[in-house]
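A structural walkthrough
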Amino acid sequence: MERWKGRVALVTGASVGIGAAVTRALVQHGMKVVGCARSVDKIEVNVLAVSICTREAYHSMRERNVDDGHIININSMSGHRVVPTTVMHFYSATKYAVTALTEGLRQELREEKSHIRATSISPGLVETGFAFKLLDNDPEKAAATYESIKCLKAEDIASSVLYVLSAPPHVQIGDIQLRPTEQIS
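In what follows, the accompanying structure is described.

Thresholds applied
- Residues numbered from 1 in each chain as written.
- Predicted model: local features only at pLDDT ≥ 70, side-chain atom pairs only at ≥ 80, totals over all residues.
- Heavy atoms only, no water.
- Salt bridge = Lys/Arg side-chain N within 4 Å of Asp/Glu carboxyl O.
- Helix = DSSP H or I, 4+ residues; strand = E, 2+ residues; numbered from the N terminus.
- Buried < 20%, exposed > 50% of the residue type's maximum accessible area, 1.4 Å probe, protein only.
- Core = buried A, V, L, I, M, F, W, Y, C linked by side-chain atoms within 4.5 Å.
- Contact = heavy atoms within 4.5 Å.
- Phe/Tyr/Trp six-rings, centres within 6.5 Å; stacked < 30°, edge-to-face > 60°.
- 1 Å grid on protein atoms, 1.4 Å probe; cavity = no way out; pocket = protein on both sides within 12 Å on 5 of 7 lines; lining within 4 Å.
- Points joined across faces, edges and corners; volume = space filled by probe spheres on them.
- Nonpolar A, V, L, I, M, F, W, Y, C, P; charged D, E, K, R; others polar.
- Axes fitted to C-alpha atoms, helices over the stretch in contact; angles between N-to-C directions.
- Parallel < 35°, antiparallel > 145°, perpendicular 65-115°, else oblique.
- Left-handed = near helix turned anticlockwise from the far one by under 90°.
- Polar contact = N/O pair within 3.5 Å; in protein donor to acceptor, adjacent residues only side chain to side chain.

**Let's talk about the pattern of salt bridges**
Within the structure shown, the criterion is met by eight salt bridges. The partner of Arg3 in a salt bridge is Asp68, and the shortest N-O contact between them spans 3.8 Å. Placement of the pair is Arg3 in the segment before β1 (8-12) and Asp68 in the loop between α2 (45-63) and β3 (70-74), with a sequence separation of 65 residues. Using a relative accessible area of 30% as the deciding quantity, one classes Arg3 as partly exposed. Through salt bridges with shared partners, a single ionic network connects Arg3, Arg7 and Asp68.

Below, the structure written as structure tokens:
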């Protein structure tokens, strides 16, 4: 992580959950972090925000002649499988899009002969407020989601971000999939 000290990181969703944990971890490792948060609860931002932020991050790096940056998208295991739960189908579709966008970006960067890397981190069940947003009309069911197994913590995802950033510059980590040991899918 030494090579990242003093460098700038943009973290979206920095006010809560995974984004807040990632922000804290990067600051603790000497990075300058610009944190952004949204007040929109619409799932569509999973595709649009990722696309726009990725484009702008890449343009910013090019303008500053940064050829060794890293774009890390926090995805989901739902970007790799569809669970048989009706409320999750559209969410899964957006996360599959993030999987494709990240791989497409990696290929574009390679074609440009850029050394900027692109990674997708796909966690399973993380103890955040997501279940309460997803099941907003059934708070008991949302709470039971987090009580059924020992869930991942936001700090676990932040640790995977640090792992990705710690990889040598010639190593491209395309995707990390992590889930609680007890999670079924």
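**Remarks on unusual backbone geometry**
With a phi close to 55°, Asn65 is a non-glycine residue in the positive phi region. Within the element layout of this structure, Asn65 appears in the loop between α2 and β3. Residue classification places Asn65 among the exposed residues on the basis of a relative accessible area of 70%. Phi is positive for Lys113, close to 60°, though the residue is something other than glycine. Considering the arrangement of structural elements, one finds Lys113 in the loop between α3 (89-111) and β4 (117-123).

**A few points about the nonpolar core**
Judged by nonpolar contacts, the single largest core of 24 residues is most densely connected at Val22, Leu26 and Ile157. When sequence neighbours within four positions are dropped, the list of residues in contact with Leu26 reads Ala9, Val11, Met31, Val33, Val161, Leu162 and Leu165. Judged by nonpolar contacts, the second largest core, of seven residues, contains Tyr58, Leu109, Ile116 and Ala118.

**Some thoughts on the packing of aromatic side chains**
Scanning all chains against the criterion turns up two aromatic pairs. Ring centres of Tyr91 and Phe130 lie 4.8 Å apart, and the angle between their planes is 40°; this geometry places the pair in the tilted category. Separated by 39 residues along the polypeptide, Tyr91 in helix α3 and Phe130 in helix α4 (residues 130-134) bring together distant segments of the chain. When its relative accessible area of 10% is taken as the criterion, Tyr91 is described as buried. You can call Phe130 partly exposed: its relative accessible area is 29%.

**Details of the layout of surface pockets**
Computed from the structure, the second largest pocket encloses a volume of approximately 270 Å³. Looking at the second largest pocket, it is lined by 15 residues, and the ones nearest its centre are Thr54, Leu101, Gly104, Leu105 and Glu108. Those elements that place two or more of their residues in the lining of the second largest pocket are α2 and α3. Per-element tally for the lining of the second largest pocket: the top contributor is α3, with seven residues. Of the residues in the lining of the second largest pocket, the class split is five nonpolar, six polar and four charged.

**Considerations on the packing of helix α1 (residues 17-28) against helix α6 (residues 154-166)**
The contact between α1 and α6 brings their axes to 8 Å, and the two run at 50°. Taken together, the axes of α1 and α6 lie oblique to each other. Read as a crossing pair, α1 and α6 show a hand that is right-handed. Contacts between α1 and α6 involve Gly17, Ile18, Ala21, Val22, Arg24, Ala25 and Leu26 from the first element and Ala154, Glu155, Ile157, Ala158, Val161, Leu162 and Leu165 from the second. Split by residue class, the contact of α1 with α6 holds eleven nonpolar, one polar and two charged.

**Details of the environment of Asn73**
Following the sequence through the fold, Asn73 ends up in strand β3. For the pair Asn73 and Ile176, spaced 103 residues apart in sequence, the C-alpha separation works out to 11 Å. Looking at Asn73, its side chain comes within polar contact range of the side chain of Thr102, at 2.8 Å.

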